[in-house]
Amino acid sequence: MAEFDTIIIGAGPGGYVCAIRAAQLGLKVAVVEGRETLGGTCLNVGCIPSKAMLHATHMLHETHENFEKMGLMGAAPKVDWAKMQAYKDDVVTGNTKGIEFLLKKNKVTWIKGWASIPATGKVKVGDDVHTAKHIVIATGSEASSLPGVTVDEETIVTSTGALTLGRIPKTMVVIGAGVIGLELGSVYARLGTEVTVVEYLDAITPGMDAEVAKTFQRILTKQGLKFILGAAVQSVAKTKKGASVSYKLKKDNSEASLDADIVLVATGRKPYTTGLGLDGLGVEMGPRGTVKTDDHFQTSVKGLYAIGDAIAGPMLAHKAEDEGMALAEIMAGKHGHVNYGVIPGVIYTTPEVANVGLTEEQLKAEGRAYKAGKFPFMGNARAKAVFQAEGFVKILVDATTDRILGAHIIGPQAGDLIHEICVAMEFGASAQDLALTCHAHPTWSEAVREAALACGDGAIHA
Ligand code: NAI
């Protein structure tokens, strides 16, 4: 039993970042985490292990696709699946240990176990009840399956099971052409698995700029992924050899099924608040299981806050981190703030896909007068040199003021390039501000400048 200024429940990117910042601002902080390691879904079974697998398989893909073109001859490497898994696990361990070190360095107490909130200002872990002025729910989310689908994490898996398969499957059906489906679908397609993605909507990556989504689907198809769009999955049944996915095509209501060794269910995630005792406290909930919060992340119960995947907004690690930092500032009596208009989204496939701000579809729906400046990577010398000349940068600006309203990139390093535009947007910059900034040659970033130039008098290399 101990007394703290702040107890944070959950040590994912939202929780641990909130804890570090709150401690840096002088608060006495504890984090409760039930997993054996810190870092939450993102570090343990999400963003980080998937990036390791994407990196390893990207390298493999390069040896098949591009090595010979560069005069690098010889047999392509064979995959040692156990070793690849061990590499991924090492990457995870390195990062979770890093968080442990950071918590210690900042004098944040790690209370090990699963927490509940028996009363305002109290957190129960095992038999101990701790007290705190502020309690933060940073419990994240869990995969949400479909009715008629029972996940066993062996044959019918979520992203968690897909990262620890016993062997490389020959065939895989991915349900859902969202971020998880396409990242992990790419991993296995590069390993030689025949991957078919079944998606309910008529386009992949819902909500993404339509032109980017179309280009993305074309490129992934070339990489070997198959797509069945406009298909609602009805059920998944286990078979002797794997599983069978039944779906209904929306255009004519016809039914069909697909057999595969492995079925990956990637149909979204839902907030995870089970066992906290929010009902008993009378915490007001929002839509789809989210915890309702005000502008300061406070729930309907005074002193009880929530951040990250557990509340409204995109389920992204960096959104949770920003909320964690802002809330720490608020708890320390300062003015924390998150600019929800400038939260980038990235898909870490090859090529990467990144976006920030509004899409053309949103601007049209809002009836806003805008201009689009587009530049293809085909005109970028650096991209051509590394066989990544597919894709483009598109910057959307206000037609009158030239202020940047959004940007959409599909191409090499898109996930890093997007941040130049994020910074510009934070400062309320115009496309001309970007266009007048000297960009080193030859860099991928020049494509961003060229797209900014295309918003004005025109790009140079297109
Ligand atoms: P998602 O919401 O991105 O995509 C789910 C897809 O499943 C949608 O396209 C939806 O139309 C489809 N779907 C739903 N029901 C269906 C049915 N019955 N039949 C066929 N298709 C169906 O969800 P996803 O990919 O599972 O990701 C979950 C969350 O994790 C997202 O919020 C995502 O942003 C986040 N995430 C982010 C990553 C990143 O930033 N790189 C990486 C991995 C996850």
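Calculation criteria
Residues numbered from 1 in each chain as written. Predicted model: local features only at pLDDT ≥ 70, side-chain atom pairs only at ≥ 80, totals over all residues. Heavy atoms only, no water. Helix = DSSP H or I, 4+ residues; strand = E, 2+ residues; numbered from the N terminus. Rg over C-alpha atoms; globule rule 2.2 N^0.38 Å. Buried < 20%, exposed > 50% of the residue type's maximum accessible area, 1.4 Å probe, protein only. Contact = heavy atoms within 4.5 Å. Areas by Shrake-Rupley, 256 points an atom, 1.4 Å probe, with all protein chains shown as cover. Lys, Arg positive; Asp, Glu negative; His and termini not counted. Charge placed at Lys NZ, Arg CZ, Asp CG, Glu CD. Axes fitted to C-alpha atoms, helices over the stretch in contact; angles between N-to-C directions. Parallel < 35°, antiparallel > 145°, perpendicular 65-115°, else oblique. Left-handed = near helix turned anticlockwise from the far one by under 90°. Expected span 1.5 Å × (residues − 1). 1 Å grid on protein atoms, 1.4 Å probe; cavity = no way out; pocket = protein on both sides within 12 Å on 5 of 7 lines; lining within 4 Å. Points joined across faces, edges and corners; volume = space filled by probe spheres on them. Nonpolar A, V, L, I, M, F, W, Y, C, P; charged D, E, K, R; others polar. Disulfide = S-S within 2.5 Å. Pairing = 2+ DSSP bridges. Domains from an automatic or database assignment. Buried area = accessible area lost by both parts, 1.4 Å probe. Salt bridge = Lys/Arg side-chain N within 4 Å of Asp/Glu carboxyl O.

Caption draft 1: Here's a closer look at the overall build of the protein. What the protein contains, in helices and strands, is 14 helices and 22 strands. The C-alpha radius of gyration of the protein comes to 23 Å, within 12% of the 23 Å expected for a compact globule of 462 residues. Along the longest, intermediate and shortest principal axes, the C-alpha atoms of the protein span 65 × 60 × 50 Å. Within the protein, buried positions represent 52% of all 462 residues. Long-range pairs, those at least 24 residues apart, make up 62% of the contacts in the protein with a sequence separation of at least 6. Carbon and sulfur atoms provide 54% of the accessible area of the protein, an area that totals close to 21400 Å². For the protein, the distance from the average position of its 45 positive side-chain charges to the average position of its 50 negative side-chain charges is 3 Å.

Caption draft 2: The arrangement of the packing of helix 1 (residues 13-24) against helix 9 (residues 317-331) in detail. At a minimum axis distance of 7 Å, the contact between helix 1 and helix 9 shows a crossing angle of 30°. Comparing the axis directions of helix 1 and helix 9 gives the class roughly parallel. Every pair of crossing elements has a handedness; the one defined by helix 1 and helix 9 is right-handed. In this structure, helix 1 uses Pro13, Gly14, Val17, Cys18, Arg21 and Ala22 to contact helix 9, whose residues at the interface are Ala317, Ala320, Glu321, Gly324, Met325, Leu327, Ala328, Glu329 and Met331.

Caption draft 3: Focus on the side chain of Ser141. Relative to the elements of secondary structure, Ser141 occurs in strand 7 (residues 141-143). Judged by its relative accessible area of 8%, Ser141 is buried.

Caption draft 4: Molecular detail of the environment of Gly10. For Gly10, the location among the structural elements is in the loop between strand 1 (3-9) and helix 1. Given a relative accessible area of 9%, Gly10 falls into the buried group. Each C-alpha atom, one on Gly10 and one on Asp457, is 50 Å from the other, the two residues being 447 residues apart in sequence.

Caption draft 5: Representation of helix 1 within the structure. The end-to-end C-alpha separation of helix 1 is 16 Å, in line with the 16 Å expected for twelve residues at 1.5 Å each. Of all the twelve residues making up helix 1, ten are buried; the element is thus mostly covered by neighbouring parts of the structure. Of the positions making up helix 1, those classed as buried are Pro13, Gly14, Gly15, Tyr16, Val17, Cys18, Ala19, Ile20, Ala22 and Ala23. Those residues of helix 1 hidden inside the fold are in contact with strand 1, strand 2 (29-33), helix 2 (40-45), helix 4 (81-105) and helix 9. Looking one or two residues beyond helix 1, the residue adopting positive phi is Gly26, at roughly 100°.

Caption draft 6: Up close: the layout of surface pockets. Space inside the second largest pocket adds up to approximately 340 Å³. His61, Ile219, Gln223, Phe387 and Glu390 are the residues nearest the centre of the second largest pocket, which is lined by 15 residues in total. Counting residues per element, the ones that place at least two in the lining of the second largest pocket are helix 3 (47-65) and helix 7 (210-222). A breakdown of the residues in the lining of the second largest pocket according to their chemical character gives four nonpolar, six polar and five charged.

Caption draft 7: Geometry of the state of the cysteines. For the structure on display, the rule yields one disulfide. Cys42 shares a disulfide with Cys47; S-S distance 2.3 Å. Residues Cys42 and Cys47 share a disulfide whose torsion about the S-S bond is about -130°; that sign makes it left-handed. Residue Cys47 is classed as partly exposed on the basis of its relative accessible area of 29%. The closest cysteine sulfur to the non-disulfide-bonded Cys18 is located on Cys42, 16 Å from its own sulfur. Of all cysteine sulfurs in the structure, the one in Cys455 sits closest to Cys422, which takes part in no disulfide; the separation is 16 Å.

Caption draft 8: Quick peek at the sheet that holds strand 11 (residues 226-228). Taking strand neighbours across the sheet as the criterion, the five strands line up as 8-15-9-10-11 in an open arrangement whose pairing is parallel. Of all strands in the sheet, those bounded by a partner on one side alone are strand 8 (156-157) and strand 11. As defined by bridge partners, strand 10 (residues 194-198) adjoins strand 11 across three bridges and the pair is classed as parallel. Each bridged residue has a counterpart across the sheet, and for Val197 the counterpart in strand 11 is Phe227.

Caption draft 9: Representation of the sheet that holds strand 12 (residues 231-238) within the structure. The strand order across the open sheet formed by three strands is 12-13-14, and the pairing between neighbours is antiparallel. Edge positions in the open sheet fall to strand 12 and strand 14 (255-260), since each of these has one partner strand only. Each strand axis lies, on average, 25° off the axis of its neighbour in the sheet, ignoring direction.

Caption draft 10: Seen up close, the domain arrangement of the protein. Once the domains are mapped, the protein shows domain 1 (3-143 + 270-338), domain 2 (156-267) and domain 3 (344-454). Each of domain 1 and domain 2 has a C-alpha centre, and the two are 27 Å apart. Interface area, domain 1 with domain 2, both sides summed: about 1300 Å², of which 68% is carbon and sulfur. On the domain 1 side of the interface with domain 2, the three residues burying the most area are Val45, Leu54 and Trp81, jointly 40% of the side's total. Connecting domain 1 to domain 2 are one salt bridge. The salt bridge partner of Lys51 is Glu183, with a shortest N-O separation of 2.9 Å.

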